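Architecture at a glance
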Amino acid sequence: MKAIVVDKCCKAEDLRVSEIPVPEIKPGWVLVKVHAAGLNHSEALLRIFEADNDYINTPIVPGIECVGEIANASDSQFQKGDKVIALMGGMGRSFNGSYAEYALLPESHVFKVDTNLDWISLAAVPETYFTAYGSLFECLYLTAEDTLLVRGATSTVGQAAIQLAKAVGAKVIAACRKEESFEKLKAIGADYCIIDNGQLSQQSLPLKPNKILELIGPKTLCDSLFTVTHPGYVCSTGVLGNVYSVAQFDPIKYIPNGVFLTGFYSNFPSYQSINGLFDLINEVQLKPLYAKVFTLDQIAEAHTLLEKGGAGGKIILKIDY
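These lines cover the structure that appears in this document, whether it is placed above or below. (Residues numbered from 1 in each chain as written. Predicted model: local features only at pLDDT ≥ 70, side-chain atom pairs only at ≥ 80, totals over all residues. Heavy atoms only, no water.)

1. Observations concerning the overall build of the chain
Broken down by element type, the chain carries nine helices and 15 strands. Relative to a compact globule of 321 residues, whose C-alpha radius of gyration would be 20 Å, the chain shows 20 Å and is just as compact. Overall size of the chain, expressed as C-alpha extent along the three principal axes, is 60 × 40 × 35 Å. Burial statistics for the chain: of 321 residues in total, 53% are counted as buried. Pairs at least 24 residues apart make up 71% of the contacts formed inside the chain by residues separated by at least 6 positions. For the chain, the accessible area works out to roughly 14600 Å², and carbon and sulfur atoms hold 49% of it. Across the chain, 27 positive and 35 negative side-chain charges occur, with their mean positions spaced 5 Å apart. (Helix = DSSP H or I, 4+ residues; strand = E, 2+ residues; numbered from the N terminus. Rg over C-alpha atoms; globule rule 2.2 N^0.38 Å. Buried < 20%, exposed > 50% of the residue type's maximum accessible area, 1.4 Å probe, protein only. Contact = heavy atoms within 4.5 Å. Areas by Shrake-Rupley, 256 points an atom, 1.4 Å probe, with all protein chains shown as cover. Lys, Arg positive; Asp, Glu negative; His and termini not counted. Charge placed at Lys NZ, Arg CZ, Asp CG, Glu CD.)

2. Details of the nonpolar core
Residues L136 and L164 are the most contacted members of the largest nonpolar core, which totals 52 residues. Those elements that provide at least two residues to this core are strand 5 (83–87), helix 2 (119–123), helix 3 (126–139), strand 8 (147–151), helix 4 (156–167), strand 9 (171–176), helix 5 (182–187) and helix 8 (271–284). Residue contributions to this core peak at seven residues, all from helix 3. When sequence neighbours within four positions are dropped, the list of residues in contact with L136 reads Y141, L142, L148, A161, L164, A165 and L213. Listed in part, the 42 residues of the second largest apolar core include V32, A73, V110 and F294. (Core = buried A, V, L, I, M, F, W, Y, C linked by side-chain atoms within 4.5 Å.)

3. Here we look at the pattern of salt bridges
Summed over all chains, the structure comprises nine salt bridges. Between K2 and E19 there is a salt bridge; the shortest N-O distance is 3.1 Å. With K2 in strand 1 (residues 2–4) and E19 in strand 2 (residues 17–19), this pair connects stretches of sequence that are 17 residues apart. With its nearest N and O atoms 2.8 Å apart, the salt bridge here joins E50 to R93. Taken together, the positions of E50 in helix 1 (residues 41–50) and R93 in the loop between strand 5 and strand 6 (102–106) put the pair 43 residues apart, joining distant regions of the chain. (Salt bridge = Lys/Arg side-chain N within 4 Å of Asp/Glu carboxyl O.)

4. Things to note about the sheet that holds strand 11 (residues 211–214)
Picture the strands of a sheet paired through backbone hydrogen bonds; they go either parallel or antiparallel. Taken in spatial order, the six strands make up an open sheet running 10-9-8-11-12-13, and their pairing is parallel. The sheet is open, and its two edges are formed by strand 10 (192–195) and strand 13 (259–263), each paired on a single side. When strand polarity is set aside, the average angle formed by the axes of neighbouring strands in this sheet is 20°. Helix-sheet contacts for helix 4 involve strand 8, strand 9 and strand 11, and the interaxial angle to strand 9 is about 170°. (Pairing = 2+ DSSP bridges. Axes fitted to C-alpha atoms, helices over the stretch in contact; angles between N-to-C directions.)

5. Description of helix 8
With 14 residues, helix 8 extends 20 Å between its outermost C-alpha atoms, agreeing within 8% with the 20 Å of an ideal straight helix rising 1.5 Å per residue. Every buried residue of helix 8 is accounted for by S273, I274, G276, L277, F278, L280 and I281. On its buried face, helix 8 is in contact with strand 5, strand 7 (110–112), helix 2, helix 3 and helix 4. Phi for Q285, located one or two positions after helix 8, is positive at around 55°. (Expected span 1.5 Å × (residues − 1).)

6. Overview of the pairing of strand 12 (residues 232–236)
The sheet contact formed by strand 11 and strand 12 spans four bridges and is parallel. Across the sheet, residue E214 finds its bridge partner in strand 12, namely S236. Between the parallel pair strand 11 and strand 12, the chain is carried across by helix 6 (residues 218–225), and the sense of this crossover is right-handed. One ladder, built from five bridges, connects strand 12 with strand 13; its direction is parallel. Within strand 13, the position partnered with V234 by the bridge is L261. (Right-handed = clockwise from strand over helix to strand, strands pointing away.)

7. Focus on helix 6
With seven of eight residues buried, helix 6 lies mostly within the body of the structure. Among the residues of helix 6, those classed as buried are P218, T220, L221, C222, D223, S224 and L225. Buried residues along helix 6 sit against strand 8, strand 11, strand 12, helix 7 (251–254) and strand 13.

8. Comments concerning the environment of E307
Position of E307 relative to the elements: it lies in helix 9 (residues 299–308). Along the sequence, E307 and N40 sit 267 residues apart, while their C-alpha atoms lie 9.5 Å from each other. With sequence-adjacent residues up to four places away left out, E307 is seen in contact with A12, R47 and I48.

9. Section: the packing of helix 1 against helix 9
Relative orientation of the contacting elements helix 1 and helix 9 amounts to 100°, with a least axis distance of 9 Å. Viewed along their axes, helix 1 and helix 9 adopt a mutual orientation that is roughly perpendicular. Between helix 1 and helix 9, the contacting residues are H41, E43, A44, R47 and I48 on the first element and H303, L306 and E307 on the second. A per-class count over the contact of helix 1 with helix 9 returns three nonpolar, two polar and three charged. (Parallel < 35°, antiparallel > 145°, perpendicular 65-115°, else oblique. Nonpolar A, V, L, I, M, F, W, Y, C, P; charged D, E, K, R; others polar.)

Just distances and angles here, no functional claims.
Okay, here's the thing in structure tokens:
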């Protein structure tokens, strides 16, 4: 089969299509015929920084998510031909991932889905929309009565969160760094758009949010905690600010009375979450967002764009030949 294999840290232009054996089935695992895969920043980090470390099982096929159909169900609950998505659980790091025509994946992280989406649209969903869904509904308990502020709104998860929040009727404030992004954010559902200067707690906002999805991360977390109403909820999900911890964090000092801080970790998807996500997508006929589509042969170009940013949304890798 055709696959992208990384055996050491390298540049995007060094990526090439290789021929490797189709994986052999084993108990507890299923063989998925991969049709498409969403690209993620973590895969660029793997290639640039992590591949030379002992905890990465090189040579490795990258890719932490994919969509496709069951080619061999082994001893699982699946049937051959089932339409599935797969994500996380060590894909593309501990074992070969989705940059290949076939992927051997643990049954626990493969999910049969009820959807009429085409393969490319479906490939935009797994990691991005699951992260947004989990953050909004498992951590922030979002309802139609809420006012949500999405911090980092132009990111793939931010855009997905706006769509999902509007799907349940919530008011949405989108915070980003450039006014030129406002038109796009309003087109996907944002009620209000504001410039994020790093100090939203000091700004006059069009509405006071009672819930914040924090995608910038520790860099602006404390400010977010002082931006919500009392009571208020902040879910820290992303690290777009490239700061990974809050120095000398004092919970008593930095979490105001009546404000609740939570975080979403996407490594353990469940059928309950995946089914809830697709029920909502189907109910409102939500159209998943993506920006660019590349073929496996265009992997160097795709990873160059992934590394540099600027795609404006999800990048999809089309695997079908």
